[in-house]
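For reference, the chains in residue letters:
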Amino acid sequence: MSTAIKPKHIGRNISRIRELKDMKQEALAQALGTSQQTISAIENSETVEEQKLIEIANALGVSVEAIKNFSEEAVFNIIGNTFQDHGNITTGNYGCTFNPLDKVVELYERLVQAEKDKVEYLEKLLNGK
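Described below are features of the structure shown in this document.

What counts as what
- Residues numbered from 1 in each chain as written.
- Predicted model: local features only at pLDDT ≥ 70, side-chain atom pairs only at ≥ 80, totals over all residues.
- Heavy atoms only, no water.
- Helix = DSSP H or I, 4+ residues; strand = E, 2+ residues; numbered from the N terminus.
- Buried < 20%, exposed > 50% of the residue type's maximum accessible area, 1.4 Å probe, protein only.
- Contact = heavy atoms within 4.5 Å.
- Areas by Shrake-Rupley, 256 points an atom, 1.4 Å probe, with all protein chains shown as cover.
- Axes fitted to C-alpha atoms, helices over the stretch in contact; angles between N-to-C directions.
- Parallel < 35°, antiparallel > 145°, perpendicular 65-115°, else oblique.
- Left-handed = near helix turned anticlockwise from the far one by under 90°.
- Nonpolar A, V, L, I, M, F, W, Y, C, P; charged D, E, K, R; others polar.
- Arc of directions from axis to C-beta.
- Salt bridge = Lys/Arg side-chain N within 4 Å of Asp/Glu carboxyl O.

1. A closer look at the overall build of the chain
When you go through the chain residue by residue, the secondary structure sums to seven helices and zero strands. Put simply, the chain has 129 residues, and 18% of those count as buried. Of the contacts made within the chain by residues no fewer than 6 positions apart, 59% connect residues no fewer than 24 positions apart. Surface summary for the chain: the accessible area is close to 10,100 Å², and the carbon and sulfur share equals 55%.

Now the structure itself:
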């Protein structure tokens, strides 16, 4: 019985990441300046040249390490933990992606600027008469 670890299939990882990003082979091929057939061949390869892997990672918007270490179980764990940690999926109670206080300050600053603009306009009208 062998204890050797089976190497990761880099092409399959590229394929899964591309699919998760809802990108077609043609779109990835266009981003890399190659053909769809070349992308298909890469995705069927167990290994990919390091420079080509860097280009593919950039086109997919992920790191080379993300491709090398991709695991579907990890994806499902992250999704499961996100819904458990941030609310119930049926109620849509998700965590804020922005600071509400920042939005209040932004709104206040816009209102103050609008009032300053009104005052400036009225002063021009008065001085013009």
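2. Let's talk about the packing of helix 1 (residues 10-20) against helix 4 (residues 50-60)
Viewed as axis vectors pointing N to C, helix 1 and helix 4 meet at an angle of 15°, and their least axial separation amounts to 11 Å. It follows from the interaxial angle that helix 1 and helix 4 lie roughly parallel. When you trace helix 1 past helix 4, the crossing you get is left-handed. For the pair helix 1 and helix 4, contact is made by Ile-10, Ile-14, Ile-17 and Arg-18 and by Leu-53, Ile-56 and Leu-60, respectively. The class makeup of the residues in the contact of helix 1 with helix 4 is six nonpolar, no polar and one charged.

3. Some points on helix 2 (residues 25-32)
Inspection of helix 2 places Gln-25, Leu-28, Ala-29 and Leu-32 among the buried residues, and these make up the whole buried set. Down the axis of helix 2, the sector holding all buried residues measures 100°, keeping them to one side. Seen from the buried face of helix 2, the exposed residues on the opposite side, beyond 90 degrees, are Gln-30 and Ala-31. For helix 2, the elements touching its buried residues are helix 1, helix 3 (36-43) and helix 4.

4. Some thoughts on the pattern of salt bridges
Applying the stated criterion across every chain yields a total of seven salt bridges. When the shortest N-O distance is used, the salt bridge between Arg-16 and Glu-19 registers 2.5 Å. You can see Arg-16 and its partner Glu-19 sitting in helix 1, three residues apart, about one turn around the helix. You can call Arg-16 partly exposed: its relative accessible area is 24%. Residue Glu-19 is classed as partly exposed on the basis of its relative accessible area of 39%. A salt bridge links Glu-43 to Arg-18; its shortest N-O distance comes to 2.6 Å. Of the two residues, Glu-43 is situated in helix 3 and Arg-18 in helix 1; the sequence distance between them amounts to 25 residues. Here Glu-43 and Arg-18 have matching classes, each one buried.

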